[in-house]
Amino acid sequence: MSDLPNLDHYWLPFTANRQFKSMPRLFQAAKGNYYTTIDDRRLLDGTAGLWCVAAGHGREEIAVSVANQLRTLDYAPAFQNSHPLAFEAAERLAQYMPPGLDRIFFTGSGSESADTALKIALAYHRVTGNPLRNKLVGRERGYHGVNFGGIAVGGIAGNRKAFGNGLAGVDHIRHTLDIGRNAFTRGLPQDGGIALANEFEQRITTLHDPATIAALIVEPMQGSAGVLLPPVGYLKRLREICDKHGILLIFDEVITGFGRLGTKFASDYFGVVPDIITCAKALTNGAVPMGAVAVKRDIYDAFMANSPAGGIELPHGYTYSAHPVACAAALATLDIFATEKLEDRAAGLSTHFEQVAHSLKGLPFVKDIRNLGLVAGIELESIPGKPGAAAFATYLKCYEMGVLVRYTGDILAISPPLTIEKDEIDRIFSTIGEALTTLA
Ligand code: PLP
C-alpha cells in the first residue's frame, strides 16, 4: 500500500483500532457514487458514506458555497449574535420539514440533535407548568447517538455497558423486529403493528403514571441497529397514544431524513407528524458537520410566552450551532434536493432496489432481508461462537471486490447515495452475493 501515514496517534471511533491498523482501509478522494482508496482503487459507495452523502460525493455546488462562505464570514458567535445565513438555512429547512415543524434549533451532529430534542422536551413541560413530566421513553435497539441522553434512551446495550445507562428516569419499549413472523418481508411488515404500539400504553399505564412521561423518542425506521422496520399502523398508533396522554413524540430522522425512504422525511412516508424531528447527516450531504432539531411552532411559542422577559428561554446551545460554513453547505444541499428531486428519484428506484436486494434470498448465511426506500438490511446467520464474524468477512470481501457496504453485528446495511444508478444497485447486491458464496 502506498503512502501510508503514521497510524499510531489517531484513535478511530466505533472501530476495532488494532484490527484496522493491521489492515487500514483509507480513502483519498470521492466523486459521484465512488470512493478512491489511497492505493487508487475505485470503490462503489453502497452506504452513502455513513448514510450522509445522499446527493453523491464531490458536489461542486456545495464546495463553491462552502469556499465562498469561508472567505466571507468564517465564524460568527452563536450566542447573543448571529448571521443572516443562519436564519435563511432555518427558513429553508422549515420549508422542507413536514407542515408545522417550522422552528429550527441547529446543532453539530445527530448525537447533539438527539440530546437537544430530549432537553427541549423536558424543558417544555417545565415551562408549561408540568415539571413532573420528567421521564423519557426510548426503544430497544434504538440508536440516538453517543451522548449521555442519547445512550440513555437508545437501546443498544453495547453502547452503554462501558459508561453506565446515561440518565435516570428512562424506560424502553420493545423493538419491532420479528424475524420468526416477518422474515423476507418486502417493505413494511403487515401484521402486529397495533399490538406492538399498544404495549407502549400498557407499559406507561401499568409501570408509570402516563402524566410523568415527557416524551417518546423513536427512529421511524431503525437504521444503525440493523434496519428494523415498523409494521403497518405502528407509528400512527404511537402518535395516538402520545396525544391521548399529553406525551411529546420525537422522531429521530438522522438517517431517514432527506429522501432516504423516497419522501422528504419518514414522517411524510408514514403520514405521521411528530412534535419534534431530529436530523443531521444528509442535511449538508455529509460535507460539513451539522444537525438540526425542528419543533412544532406551539412548542417554541410556549417557551417564548412563559419565560421571564429578557431572559434566555432555553439555556442550551453549541459554539457551532448554525456555523456559517455549515449553513452554506446546508443551503447548497437543499438547493440540490429542490432541483434534482432526490426524494422522487429514490422513490422511483425503490422497487428495483427491493427486487435486487431480495434476490439474495437462499444464498449462504442469509437469514432475513428487509428493505424500505433505498435501505436494505441483510441479516446473516452468525458463525457459532463468533458473533459479527460472518458480516465482517462479507464486508471485507466486498471491499476487496470494489464495493463498500456497512455491517453492524451480523447485519449488512445498504444505503447508497440517492444518485445511484440501476446498474450500480445491481452491482452492489451481486457483489454481496458473490462474497457470501465465496465465504460459504
Ligand atoms: N440518531 C440516529 C438515528 C443515527 O442513525 C445516528 C447516527 O448514525 C445518530 C443519531 C448520531 O449521529 P452522529 O453520529 O452525527 O452524532
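Tallied over the full model, the rule gives 15 aromatic pairs. Aromatic side chains Y269 and F270 sit 5.0 Å apart centroid to centroid with 75° between the ring planes, which places their arrangement in the edge-to-face category. Taken together, the ring pairs connect F27, Y35, F392, Y395, Y399 and Y407 into an aromatic cluster. Its end group placed over the ring of F184, K361 keeps NZ or CZ at 4.8 Å from the ring centre.

Turning next to the nonpolar core. As a rule of thumb, nonpolar side chains are buried together in soluble globular proteins. Residues F200, L216, F258, I378, F429 and I432 are the most contacted members of the largest nonpolar core, which totals 103 residues. The greatest single-element share of this core, amounting to 11 residues, is contributed by helix α12 (residues 324-340). If you count residues domain by domain, this core takes at least three from each of domain 1 (17-58 + 341-439) and domain 2 (63-339). Not counting chain neighbours up to four residues away, the residues in contact with L216 comprise V137, G138, I173, F200, L238, C242, I247, L248, L249 and I250. Counting residues in hydrophobic clusters, the runner-up holds 20 residues, among them V153, V293, I299 and A302.

For helix α3 (residues 60-72), with 13 residues, the first-to-last C-alpha span of 18 Å sits near the 18 Å given by 1.5 Å per residue. Turning to α3, its buried residues number three or more, namely I62, V66 and Q69. In an axial view of α3, the angular spread of the buried residues amounts to 65°, which keeps them on one side of the axis. Turned more than 90 degrees off the buried face of α3, the exposed positions are E60, R71 and T72. In the core, the buried residues of α3 are packed alongside α4 (84-96) and α12.

Before going further, it helps to examine α4. With 13 residues, α4 should reach 18 Å at 1.5 Å per residue; the first-to-last C-alpha distance of 19 Å fits that figure. Looking at α4, one finds that the buried residues are L85, A86, A89, A90, L93, A94 and Y96. Where α4 is buried, its residues touch α3, β4 (103-107), β9 (276-279), β10 (291-295), α12 and α13 (342-358).

One open sheet holds the four strands; their spatial order is β11-β12-β15-β14, and the pairing between them is antiparallel. A single partner strand is all that each edge strand has here, and the edge strands are β11 (366-372) and β14 (406-408). The mean angle between the axes of side-by-side strands here comes to 20°, regardless of whether they run parallel or antiparallel. One ladder, built from three bridges, connects β14 with strand β15 (residues 411-414); its direction is antiparallel. Across the sheet, the residue bridging to Y407 is L412, located in β15. This element, α13, spans β11, β12 (375-380) and β15 of the sheet and lies at about 180° to β11.

To continue, consider the sheet that holds strand β1 (residues 27-31). Here four strands make up an open sheet; going across it, the order is β1-β2-β3-β13 and the pairing mixed. Each edge of the open sheet is held by one strand with a lone partner, namely β1 and β13 (403-404).

Okay, the domain arrangement of the chain next. Here the chain is partitioned into domain 1 (17-58 + 341-439) and domain 2 (63-339). Between domain 1 and domain 2, the residue contacts involve 37 residues of the former and 37 residues of the latter. Each partner contributes to the roughly 2900 Å² buried at the junction of domain 1 and domain 2, and carbon and sulfur atoms together form 61% of this total. Area buried by domain 1 at its contact with domain 2 is led by W51, E343 and L372, which between them contribute 26% of it. Linking domain 1 with domain 2 are zero salt bridges, by the criterion used here. Only α2 (48-51), α13, β11, β12 and β15 provide two or more residues apiece to the side of domain 1 that touches domain 2. When grouped by side-chain class, the residues that make up the side of domain 1 that touches domain 2 number 21 nonpolar, eight polar and eight charged.

Calculation notes
- Residues numbered from 1 in each chain as written.
- Predicted model: local features only at pLDDT ≥ 70, side-chain atom pairs only at ≥ 80, totals over all residues.
- Heavy atoms only, no water.
- Phe/Tyr/Trp six-rings, centres within 6.5 Å; stacked < 30°, edge-to-face > 60°.
- Lys NZ or Arg CZ within 6 Å of the ring centre and 35° of its normal.
- Core = buried A, V, L, I, M, F, W, Y, C linked by side-chain atoms within 4.5 Å.
- Buried < 20%, exposed > 50% of the residue type's maximum accessible area, 1.4 Å probe, protein only.
- Helix = DSSP H or I, 4+ residues; strand = E, 2+ residues; numbered from the N terminus.
- Domains from an automatic or database assignment.
- Contact = heavy atoms within 4.5 Å.
- Expected span 1.5 Å × (residues − 1).
- Arc of directions from axis to C-beta.
- Pairing = 2+ DSSP bridges.
- Axes fitted to C-alpha atoms, helices over the stretch in contact; angles between N-to-C directions.
- Buried area = accessible area lost by both parts, 1.4 Å probe.
- Salt bridge = Lys/Arg side-chain N within 4 Å of Asp/Glu carboxyl O.
- Nonpolar A, V, L, I, M, F, W, Y, C, P; charged D, E, K, R; others polar.

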